[in-house]
Amino acid sequence: LTMIVRRSEGWEAKGSFDADTMFKKNLLTYLETHLSETIKVLDIANHFGYSESHFRVLFKQVFAVPPVDFIRQFRIDSAQRLIREDRISITDIAYKVGFTSSQYFSHTFKKELGISPREYRKALKTDAGRIHDTATSIHLMDMHFPNKA
């Protein structure tokens, strides 16, 4: 997700950013830094100097989804990356991406992608790492960042 956002906005090539781009960049940095923690919308709003209600409105204008949905999606995207890249347990991945229960993580992952984390890992092994984008949350994030390179 992070790379999709950065590529879609051309951060590597741009010297200056518009307000939405800076907001996205700063938000992703915040989420990456606090990924394993409980992330509350109020805490993010306070971090950026907004009231919670103003932050929710701004967020929805920029991303077209509520902050809670985006945060959940960010966690699932991060989990997908960890499943692809690391050989750590699904339980450890759940905690690394901010879930307090591996059962809830598995439930959420399956609800978002239609496949459990273990099935996802197994599919990566049996399909030589090729899982169609429609089965990944990265595909869903394309809705929010349609200009990706």
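Structural notes, computed from the coordinates. (Residues numbered from 1 in each chain as written. Predicted model: local features only at pLDDT ≥ 70, side-chain atom pairs only at ≥ 80, totals over all residues. Heavy atoms only, no water.)

**Quick notes on the packing of aromatic side chains**
As enumerated under the stated definition, the model contains 13 aromatic pairs in all. Look at Phe55 and Phe59: their rings are 5.7 Å apart centre to centre, the planes differ by 50°, and that puts the pair in the tilted class. Residue Phe55 and its partner Phe59 are both found in helix 4 (residues 52-63); the two are separated by 4 residues, about one turn of the helix. Exposure class is identical for Phe55 and Phe59. Each is buried. Here a set of aromatic residues connected by ring pairs shows up, and it is made of Phe23, Phe48, Phe55, Phe59, Phe63 and Phe70. (Phe/Tyr/Trp six-rings, centres within 6.5 Å; stacked < 30°, edge-to-face > 60°. Helix = DSSP H or I, 4+ residues; strand = E, 2+ residues; numbered from the N terminus. Buried < 20%, exposed > 50% of the residue type's maximum accessible area, 1.4 Å probe, protein only.)

**Points about helix 7 (residues 102-113)**
Between its first and last C-alpha atoms helix 7 spans 16 Å; for 12 residues at 1.5 Å apiece the expected length is 16 Å, and the two agree. Of the residues making up helix 7, those classed as buried are Ser102, Phe105, Ser106, Thr108, Phe109, Glu112 and Leu113. Within helix 7, the buried residues cover an arc of 165° as seen down the axis, which keeps them to one side. Among the exposed residues of helix 7, those oriented more than 90 degrees off its buried face are Gln103, Tyr104, His107 and Lys111. (Expected span 1.5 Å × (residues − 1). Arc of directions from axis to C-beta.)

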